[in-house]
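# Results of the structural survey
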Amino acid sequence: MLKPLLTLTGGLIATLAVTAAQAKPLSQEDLSVAEVLRDRALESSDAYSIVESLTVEVGPRRAGTEGDRRAVAWAQEKMKKLGFDRVYTEQIDVQRWHRGHAHAEVTAPFPQPLVVTSLGYSAPTPEGGLTAEIVEFSDVEALIEAPAKKVKGKIAFINKRMERARTGEGYGPAVQGRSRGMRAAAEKGAAALLLRSVGTDSDRFAHTGMMSIDGVENPVPALALSAPDANLLEAMLERGKPVEVKLDVHNERLADGPSFNVIGEITGREKPEEAMIIGAHLDSWDEGTGALDDGAGVAIVMETARLIAELPQRPRRTLRVILYGAEEIGLVGARQYVDAHRGELDNIIAVSESDFGAGKIWRFDTRLPENKFDIADQMMQLLAPLGIERGNNQSSGGPDSSVFVAQGVPAFGLYQDGTDYFDYHHTPNDTLDKVDPDNLKQNVAAWVVMSFLAAEMKEDLGRVPTEN
Ligand SMILES: [Zn+2]
């Protein structure tokens, strides 16, 4: 492109062009390769067939279960087939739990069944179940502040609605009841916890999910109610008479056991010891097939690496795909990875994770040192045509990435549209039909630009100062 200009006006233009090129961290050649990758992704990437394979051939894969073991085998085989240079696993230790049946019914004053599901690692009821009066709280804070005598022997009902938002920002406030509610109920001597599902739908599905359980001395049964069933209880309570509910829950805590992070690499041609880490989590909750959470993410990052592996040469640094184990029960795989590799964190150029469903990417966030923003600006040249806007510099890089970010590792965040993500999240309704193949192509197009350029760029990104 510069050639005609050079011959026309000679030295001055050439000097200016070279100076301008040197000021930019990513070369024109890097950007051209990334552009080709992006356009190939839009045309020919097939992340959909990967998430289809995972949901059909494995399905539910809660950490420490038989499904989890099959997912680990599936992931290794798939990575080898897709042309990764190196595929391996790293063992992690996980707490294990068996989900038995969970029944709930109103026994008075208006007897009828309720749709519920156990929250993760919920205790069982005594044999034969338990029946107790409901006491309602607007949120977990209200439960924590309540006098114990108001709660003792009763079923605490946290009735907080979650707000819908493209960013998913309603989740943070709503999930407090799930993570902290059972502990608060148990400490006040409640018989059990009932929680309005953390979700945005009005389907008659309850949303499961993890609670904080460590150190709770006498854990009590903890169940989520579907939104319509929470409405029903609310309406009964408004009538002013005591509402009694019977719960019958058969769960069981099992001995701790192994799970695995599954790791695949495209080996760097110049600095193989340095790596750009892209990830997703392999485990899922057990009632759906984990298509959105996080089968889509698994597919997006695997397909991204496959496209980069098709290039005539390897990128300068290693591209490392980590499929984290046991994310859902507390970022277990990521925490144990960072612990095991503490001495090598300086070799990780940056991290990013896809774990917010399968919606279109609309925003590009970062966590970079301030003198590295020009790299993101250059990436934006190729992301903007995909309908992506520049966001903020507070990205966590995704749940598992946040463990690296806490150690100063830079992060990129390709933010998906999460408007309806929490309609399906952690329910039996998280299934393949919610995944749009064209949206996945747009995702892969953005991921391949970001991943290739981060692995290929000449300079590195330094470290981001951490708060503590
Ligand atoms: Zn997830």
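This text gives an overview of the structure that appears in the document. Values in this document were obtained by computation on a predicted structure and should not be read as measured data.

### Some points on the sheet that holds strand E6 (residues 155-158)
Spatially, 8 strands are ordered E3-E2-E9-E5-E6-E7-E8-E4 in an open sheet, and the strand pairing comes out mixed. Two strands in the sheet have a free side with no partner beyond their single neighbour: strand E3 (112-114) and strand E4 (116-118). Recorded for the sheet is a direction-independent mean angle of 35° between the axes of neighbouring strands. Pairing of E6 with strand E7 (residues 192-196), which is carried by 4 bridges, proceeds in the parallel orientation. Of the residues in E7, the one forming a bridge with Ile-155 is Ala-192. Across the sheet, helix H8 (residues 171-187) touches E6, E7 and strand E8 (222-225), and the angle it forms with E7 is around 155°.

### Let's talk about the pairing of E6
Side-chain direction in a regular strand flips from residue to residue, so the side chains alternate between the two faces of the sheet. Neither face of E6 is exposed, since Ile-155 and Phe-157 on one face and Ala-156 and Ile-158 on the opposite face are all buried. Direction of pairing for strand E5 (residues 130-137) relative to E6: parallel, over a ladder of 4 bridges. Bridge pairing in E6 places Phe-137 opposite Ile-158. Taken together, E6, H8 and E7 form a β-α-β motif whose crossover is right-handed.

### Focus on the coordination of the zinc ion
The coordination sphere of the zinc ion, as far as protein atoms go, consists of His-281 (NE2), Asp-293 (OD), Asp-355 (OD) and Asp-355 (OD), spread over 1.9 to 2.7 Å. Classification of the site at the zinc ion as irregular follows from its 4 donor atoms and the range of 52 to 147° in their angles at the metal. Taken in sequence order, the residues that donate to the zinc ion follow the motif H-x11-D-x61-D. One end of the pair, His-281, is in strand E11 (residues 271-281); the other, Asp-355, is in the loop between strand E13 (348-353) and strand E14 (361-367), and 74 residues separate them in sequence. Asp-355 shares its class with His-281; the two are buried.

### Focus: unusual backbone geometry
Going from Ala-108 to Pro-109, the amide bond is cis rather than trans, its omega being 5°. Counting through the fold element by element, Pro-109 comes out in the loop between strand E2 (102-108) and E3. Along the chain, Asp-293 connects to Asp-294 via a cis peptide bond; the corresponding omega equals 5°. Tracing the backbone shows Asp-294 in helix H10 (residues 291-309). Positive phi is not limited to glycine here, since Leu-331 has a value of about 55°.

### So, the nonpolar core
By size, the foremost hydrophobic cluster in this structure holds 112 residues, and its most contacted members are Met-276, Leu-323, Phe-364, Met-379, Leu-383 and Phe-412. The residues touching Met-276, leaving out its near neighbours within four places in the chain, are Thr-318, Leu-319, Arg-320, Ile-349, Ala-350, Val-351, Ser-352, Phe-412, Met-450, Ser-451, Ala-454 and Ala-455. Counting 22 residues, the second-largest nonpolar core is a separate cluster that includes Leu-114, Ala-132, Leu-223 and Val-249.

### Brief notes about the side chain of Ser-354
In this structure, Ser-354 sits in the loop between E13 and E14. Taking relative accessible area as the criterion, Ser-354 reaches 2% and is therefore assigned buried. The residues contacting Ser-354, other than those within four sequence positions of it, are Gly-279, Ala-280, Asp-294, Gly-297, Ile-300, Val-301, Gln-416 and Trp-447.

### As for the pattern of salt bridges
If you walk through the whole model with that rule in mind, you get 24 salt bridges. Linking Arg-62 and Asp-286 is a salt bridge whose minimum nitrogen-to-oxygen distance equals 2.7 Å. Residue Arg-62 is located in the loop between helix H4 (47-57) and helix H5 (66-81), and its partner Asp-286 is located in the loop between E11 and H10; the two are separated by 224 residues in the primary sequence. For the pair formed by Arg-62 and Asp-286, the shared burial category is buried. A salt bridge links Arg-342 to Asp-339, with the shortest nitrogen-to-oxygen separation between them at 2.7 Å.

### Description of the side chain of Thr-427
Along the chain, the position of Thr-427 falls in the loop between helix H14 (421-424) and helix H15 (437-456). A residue is classified by how much of its surface remains accessible, and Thr-427, at 1% relative accessible area, is buried. In this structure the side chain of Thr-427 is engaged in a polar contact, spanning 2.9 Å, whose partner is the backbone nitrogen of Asn-429. The contacts of Thr-427, once residues within four sequence positions are left out, are Phe-205, Ala-206, His-207, Glu-287 and Gly-288.

### Points about H4
Of the positions making up H4, those classed as buried are Ala-47, Ile-50, Val-51, Ser-53, Leu-54 and Thr-55. Next to the buried residues of H4 lie H5, H10 and H15. One or two positions beyond H4, positive phi appears at Gly-59, with a value near 80°.

Cut-offs used in this document
Residues numbered from 1 in each chain as written. Predicted model: local features only at pLDDT ≥ 70, side-chain atom pairs only at ≥ 80, totals over all residues. Heavy atoms only, no water. Pairing = 2+ DSSP bridges. Helix = DSSP H or I, 4+ residues; strand = E, 2+ residues; numbered from the N terminus. Axes fitted to C-alpha atoms, helices over the stretch in contact; angles between N-to-C directions. Contact = heavy atoms within 4.5 Å. Buried < 20%, exposed > 50% of the residue type's maximum accessible area, 1.4 Å probe, protein only. Right-handed = clockwise from strand over helix to strand, strands pointing away. Donors = N, O, S within 2.8 Å, 3.2 Å for Na, K, Ca; no water. Tetrahedral: all angles 85-135°; square planar, octahedral: opposite > 155°, others 65-115°. Core = buried A, V, L, I, M, F, W, Y, C linked by side-chain atoms within 4.5 Å. Salt bridge = Lys/Arg side-chain N within 4 Å of Asp/Glu carboxyl O. Polar contact = N/O pair within 3.5 Å; in protein donor to acceptor, adjacent residues only side chain to side chain.

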